[in-house]
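Structure at a glance
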Amino acid sequence: MTNERQARLEAKVKAVNRAHAHAVKLYDALVAVFTPLVGCKILKADNTLLQSVQKGMPDLGGDARSLRVYRNQSNYSLAWTVNASENFVGGNTVPDRLLQSAVNFTALAYLGQGGLMNEPELQVEVDGVMTSLIDPTSVQYLGGSQGGIMGGTVVAMAPNLPRGILVVGGGNYSLMIWRSTAFAALSDAWKISHPDPQEREFLFALVQSAFDRADPAILAELITNPLGGGAAKRLFLIESIGDCQVPNIASETLARTFEMPLLTPSPKPVWGAPESAEPIQEGSALLVVDTKAQPLPPTSNLPPAEDNGAHGSAVDDPALFEIIERFIFKGFAENLCDGACDPG
């Protein structure tokens with residue numbers, strides 16, 4: 001990598017650090033970590049560069065300083081994520097921290113429409129005029145896994161986010177937890193104090209009432225009738241067949257709750273979801289992807305013995321990048337795969 005490109009990347013990281021400072025001023029209780037993501041080609045080309053850039057990041061403890069790889073086809077790119085604490089210390093605060101994450105993303109969206117536009121490192125010269133790389137009229141939400149779950153909540157609550165992509169998202173934590181490999185450690189811990197599986201089911205059904213405050217499944221009305229009025233918001237949910245972390249039953253429950261039509265051709269039908277072979281320009285939509293991952297998880301409320309990889313490979317096919325970009329930038333929810341989306 002040339003010295004010029006390294007300097008540009010390091011300058012952008014400094015801009016991200018200042019963005020974090022802006023966010024803290026915007027809301028003093030903000031729990032946000034803005035982490036730069038860099039392209040795969042940089043990672044392969046020069047690992048020492050990542051170490052150099054990492055030193056310029058704020059020291060926020062834990063793994064907050066770790067750089068994440070943004071998988072795209074450009075030489076390098078820069079984006080921001082907001083990381084919430086993932087530990088279960090003070091477990092009764094988890095629902096509140098989930099709501100806090102929605103506040104964090106809302107703040108980030110406001111920064112994208114305001115303070116970040118003035119950062120010189122995020123500007124280029126166009127016809128002799130320095131112009132921001134950020135289009136403030138096109139700030140949308142894109143989240144995967146837990147970000148796909150919370151995305152419905154974030155978009156519903158954020159006045160400045162009209163559209164959201166939910167990659168392998170779902171709803172209703174008490175439905176997901178028993179079927180997900182992601183909660184295996186928590187489940188094992190519960191077995192020590194509550195060995196009876198029926199008792200554990202009953203207890204978490206009660207806990208769900210606390211999670212309801214942040215669960216996207218209860219916020220459908222705020223998508224169709226946004227806070228403050230205005231046009232209905234839009235969600236695009238991507239489900240991966242055989243997902244071992246966010247079970248298909250949770251994704252499809254969320255799709256029915258938000259009355260999402262299923263884009264066709266599809267690898268499978270979804271009960272209760274009307275099918276649409278045409279591009280969807282209004283309202284939300286569901287796209288099902290089949291990565292051919294095996295073995296499929298149990299159909300009962302039991303977790304798989306191991307993760308088959310369907311969760312992490314849902315959008316690996318290049319056609320999925322085009323589908324996501326088309327919804328984010330053009331507002332069209334459309335199946336652009338060659339037939340059903342089954343790249344496996």
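Residues numbered from 1 in each chain as written. Predicted model: local features only at pLDDT ≥ 70, side-chain atom pairs only at ≥ 80, totals over all residues. Heavy atoms only, no water.

Some words on the overall build of the chain
The helix and strand tally for the chain stands at 11 helices and 10 strands. Taken across its 344 residues, the chain has 44% of its residues classed as buried. Taken as a whole, the chain presents about 17000 Å² of accessible surface, with 55% of it coming from carbon and sulfur. (Helix = DSSP H or I, 4+ residues; strand = E, 2+ residues; numbered from the N terminus. Buried < 20%, exposed > 50% of the residue type's maximum accessible area, 1.4 Å probe, protein only. Areas by Shrake-Rupley, 256 points an atom, 1.4 Å probe, with all protein chains shown as cover.)

A look at unusual backbone geometry
With an omega dihedral of 0 degrees, the bond running from T264 to P265 counts as a cis peptide bond. Mapped onto the secondary structure, P265 falls in the loop between β8 (262–263) and β9 (275–276). One non-glycine residue, K292, lies in the positive phi region at around 70 degrees. Tracing the backbone through its elements, the reader meets K292 in the loop between β10 (285–289) and α11 (318–330).

Thoughts on the pairing of strand β6 (residues 163–167)
For β6, the buried fraction is high: five of the five residues fall into the buried class. By the bridge criterion, four bridges tie strand β5 (residues 141–144) to β6 in an arrangement that is parallel. Note that in β6 the partner of G143 across the bridge is L166. Viewed along the sheet, the connection from β5 through helix α5 (residues 146–157) into β6 turns out right-handed. (Pairing = 2+ DSSP bridges. Right-handed = clockwise from strand over helix to strand, strands pointing away.)

Some thoughts on the nonpolar core
Within the largest apolar cluster, 25 residues are counted, with the highest numbers of intra-cluster contacts made by L161, L235, L237, F258, M260 and L286. Of all the elements in the fold, those that place two or more residues in this core are α4 (94–112), α5, α9 (220–224), β7 (234–240), α10 (248–257) and β10. The leading source of residues in this core is α5, at three residues. The contact partners of L286, leaving out residues within four places of it in the chain, are F236, L237, E239, A255, M260, P261, L262, L263 and V270. In this structure, I165, I280, A285 and I328 belong to the second largest nonpolar core, which totals 20 residues. (Core = buried A, V, L, I, M, F, W, Y, C linked by side-chain atoms within 4.5 Å. Contact = heavy atoms within 4.5 Å.)

Overview of the pattern of salt bridges
Inspection of every chain in the model, using the stated rule, returns five salt bridges. Of the charged contacts, one joins K268 and E239 as a salt bridge, the two residues approaching to 3.3 Å between their closest N and O atoms. Within this pair, whereas K268 is found in the loop between β8 and β9, its partner E239 is found in strand β7, the two being separated by 29 residues in sequence. Its salt-bridge partner being K268, residue E252 comes within 2.6 Å of it at the nearest N-O pair. Here the residue E252 occupies a position in helix α10, and K268 occupies one in the loop between β8 and β9, the gap between them amounting to 16 residues. (Salt bridge = Lys/Arg side-chain N within 4 Å of Asp/Glu carboxyl O.)

Quick look at the packing of α4 against α5
Between α4 and α5, whose axes approach to 9 Å, the crossing angle comes to 65 degrees. Relative to α5, the element α4 is oriented roughly perpendicular. Handedness of the crossing formed by α4 with α5: right-handed. Contacts between α4 and α5 involve L98, L99, S101, A102 and F105 from the first element and Q146, M150, V154 and M157 from the second. (Axes fitted to C-alpha atoms, helices over the stretch in contact; angles between N-to-C directions. Parallel < 35°, antiparallel > 145°, perpendicular 65-115°, else oblique. Left-handed = near helix turned anticlockwise from the far one by under 90°.)

Quick word on the packing of aromatic side chains
In this structure the tally under the stated criterion is seven aromatic pairs. By the ring-pair criterion, three or more aromatic residues cluster together here, those being Y173, W178, W190, F204 and F211. Stacked on the ring of F327, the Lys or Arg R163 has its end atom at 5.9 Å from the ring centre. Geometry around F332 places R326 over its ring, the cationic atom sitting 4.5 Å from the centre. (Phe/Tyr/Trp six-rings, centres within 6.5 Å; stacked < 30°, edge-to-face > 60°. Lys NZ or Arg CZ within 6 Å of the ring centre and 35° of its normal.)

What to know about the state of the cysteines
Applying the stated criterion across every chain yields a total of one disulfide. The disulfide bridge from C337 ends at C341, spanning 2.0 Å between sulfur atoms. Across the S-S bond linking C337 and C341, the dihedral sits near 100 degrees, which makes this disulfide right-handed. Exposure class is identical for C337 and C341. Each is buried. (Disulfide = S-S within 2.5 Å.)

So, the side chain of N308
Mapped onto the elements of the fold, N308 is located in the loop between β10 and α11. Its relative accessible area of 14% is what places N308 among the buried residues. Engagement of the side chain of N308 in a polar contact is seen with the backbone oxygen of G242, the distance being 3.0 Å. (Polar contact = N/O pair within 3.5 Å; in protein donor to acceptor, adjacent residues only side chain to side chain.)

Considering the side chain of R179
Relative to the helices and strands, R179 is located in the loop between α6 (173–176) and α7 (184–193). Although R179 lies buried, it forms no salt bridge, and the closest oppositely charged side chain, E201, sits 6.2 Å away as judged by the N-O distance. At a separation of 2.9 Å, a polar atom in the side chain of R179 contacts the main-chain carbonyl oxygen of L175. Setting aside its immediate chain neighbours within four residues, R179 contacts C244, P247, I249, S300, N301, L302, P303 and P304. (Lys, Arg positive; Asp, Glu negative; His and termini not counted.)

Overview of the confidence of the model for the chain
Summary statistics for the chain give a mean pLDDT of 78 and a share of 73% for residues scoring 70 or more. This stretch, residues 26–46, has a pLDDT under 50; its non-local contacts, to residues over four places away or in other chains, come to 79 contacts. (pLDDT = per-residue confidence, 0-100.)

Focus on a nonpolar patch on the surface
Among the surface-exposed residues, V124, V126 and L133 lie close enough to one another that they form a single nonpolar patch of about 230 Å² accessible area. Relative to the helices and strands, V126 resides in strand β3 (residues 123–126). (Patch = residues over 30% accessible without salt bridge, like charges linked within 9 Å, V, L, I, M, F, W, Y side chains within 5 Å.)

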